[in-house]
Amino acid sequence: MSWVSTAMYYEAINKGVAKRLGGLASAPLLIESLDFAEVSRLQSAGEWEALSELVIDSAKRLEAAGAEGLILCSNTAHKMHDWIDGEIRIPMLHIGDVTAAKLHADGVKRAGLIGTRFTMTENFYRERLEAQGITVAVPDPQLMSEIDRIIFEELARGVVSRVSQRTLKTCITNLAQARNQAVILGCTELVMLTDPGANIIPVYDTTALHARAAVDWILKEAAPAGQERVLASAS
C-alpha cells in the first residue's frame, strides 16, 4: 500500500487499457492513497482490527464516490480481505485468487512464495494457492527476515540497491534448487528488484497479474460500449 505500489498499478492498468482500446484510451479509476507510515505501524503492532477499520473507511468512500469494483494494491493487505468485503457492496478482485488461477492454468503444483513476513508465514494468502492444489514453500528464516526488511526499509521508499537485487536472486535460486516449479513475488514492490522473465525458474509478478485482472474487469464484454466500469484502488 506504499505510494510506490500505487504508482506501478496506475501505470500498468492504464497501459493495459490503452493497449486493448488503442488511441487515447485510459482507465476510469478512483484512487485513495493511504499514509503508509500509519499502515506499517499498525501492521507491526499487530493492530489489524484498527487497520481494517481504516481501510474499510477508505473503501466506503470510494464506493460512495461511484466505484463499481475495488482492488487493494498490496498482497499483505489481503489479510483483511474478508473484513473489508463484508462491509461494502461492490466486488473485490483478490490478488491471491488471480495469482492462484494463473499458476493453476500453467500447471504449477509447487511454488515458492516471497513477500512480507505476514504473507510468507500466515495462512490468509497461501490458502488461496492451496485451494488450487498448489503446494507453497517459503525461504529459510534468515532470508525471510532480510526480504521483509528490504520491503519495508527500501522498496516502500522507492529505493533499489544492487545488494538487495542479489539477495532476491539468491532467494529465487534457493527456491528453484528446492525443486519448486515457480516463484511468486508475493509483494507488489518486489518486481523492482528483478526481471521476472530473466530467471532460472518462472517468476510470477503478482502486481502485473492483479493489474491485468483489473483491466479485464474494467473492459468486461458485458459492459455497454463506451461505459467501462469504474475501478477503485485502496492503496
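Whatever comes next refers back to the structure up there.
Bear in mind the structure is a predicted one, so any value in this text is a computation, not a measurement.

Enquirer: Any chance you could explain the overall build of the protein here in plain terms?
Expert: Of the regular secondary structure elements, the protein holds 10 helices and 7 strands. In terms of C-alpha radius of gyration, the protein reaches 17 Å, essentially the compact-globule figure of 18 Å for 235 residues. Each of the three principal axes of the protein carries a C-alpha extent, and together these read 50 × 40 × 35 Å. Each of the 235 residues in the protein was classed as buried or not, and the buried ones make up 51%. Contacts spanning at least 24 positions in sequence make up 73% of the contacts within the protein whose residues lie at least 6 apart. Approximately 10800 Å² of the protein is accessible, and the part contributed by carbon and sulfur atoms is 49%. The centroid of the 23 positive side-chain charges in the protein is displaced by 7 Å from the centroid of its 29 negative side-chain charges.

Enquirer: Any chance you could explain the layout of surface pockets here in plain terms?
Expert: Take a probe with the size of a water molecule and roll it over the atoms, and the empty space left behind shows itself. A volume near 170 Å³ is recorded for the largest pocket. Taken together, Ala-12, Lys-15, Gly-16, Lys-19, Arg-20, Ala-208, Ala-211, Arg-212, Val-215 and Asp-216 form the lining of the largest pocket. At the level of elements, α1 (3–21) and α10 (206–218) are the ones that each hand at least two residues to the lining of the largest pocket. Taken together, the residues of the lining of the largest pocket sort by class into 4 nonpolar, 1 polar and 5 charged.

Enquirer: Can you help me understand the sheet that holds strand β1 (residues 29–32) in this one?
Expert: For sheets, the rule is that strands pair by backbone hydrogen bonds, running either parallel or antiparallel. Spatially, 3 strands are ordered β1-β7-β2 in an open sheet, and the strand pairing comes out parallel. With one partner strand each, in any of the chains shown, β1 and β2 (69–72) form the two edges of the open sheet. The mean angle between the axes of side-by-side strands here comes to 20°, regardless of whether they run parallel or antiparallel. In terms of strand pairing, β2 meets strand β7 (residues 231–234) through 4 bridges, oriented parallel. The partner of Leu-70 across the bridge, within β7, is Ala-232. Its contacts with the sheet put α1 on β1, β2 and β7, and the angle it makes with β1 is roughly 175°. The strands touched by α10 are β1, β2 and β7; relative to β2, the strand with the most contacts, the crossing angle is about 175°.

Enquirer: Would you take a moment to explain unusual backbone geometry for this structure?
Expert: The backbone of Arg-179 shows a phi angle near 70°, a positive value even though the residue is not glycine. Relative to the helices and strands, Arg-179 is located in the loop between α9 (162–177) and β5 (182–185). We classify Arg-179 as exposed; its relative accessible area is 75%.

So, how was this worked out
- Residues numbered from 1 in each chain as written.
- Predicted model: local features only at pLDDT ≥ 70, side-chain atom pairs only at ≥ 80, totals over all residues.
- Heavy atoms only, no water.
- Helix = DSSP H or I, 4+ residues; strand = E, 2+ residues; numbered from the N terminus.
- Rg over C-alpha atoms; globule rule 2.2 N^0.38 Å.
- Buried < 20%, exposed > 50% of the residue type's maximum accessible area, 1.4 Å probe, protein only.
- Contact = heavy atoms within 4.5 Å.
- Areas by Shrake-Rupley, 256 points an atom, 1.4 Å probe, with all protein chains shown as cover.
- Lys, Arg positive; Asp, Glu negative; His and termini not counted.
- Charge placed at Lys NZ, Arg CZ, Asp CG, Glu CD.
- 1 Å grid on protein atoms, 1.4 Å probe; cavity = no way out; pocket = protein on both sides within 12 Å on 5 of 7 lines; lining within 4 Å.
- Points joined across faces, edges and corners; volume = space filled by probe spheres on them.
- Nonpolar A, V, L, I, M, F, W, Y, C, P; charged D, E, K, R; others polar.
- Pairing = 2+ DSSP bridges.
- Axes fitted to C-alpha atoms, helices over the stretch in contact; angles between N-to-C directions.

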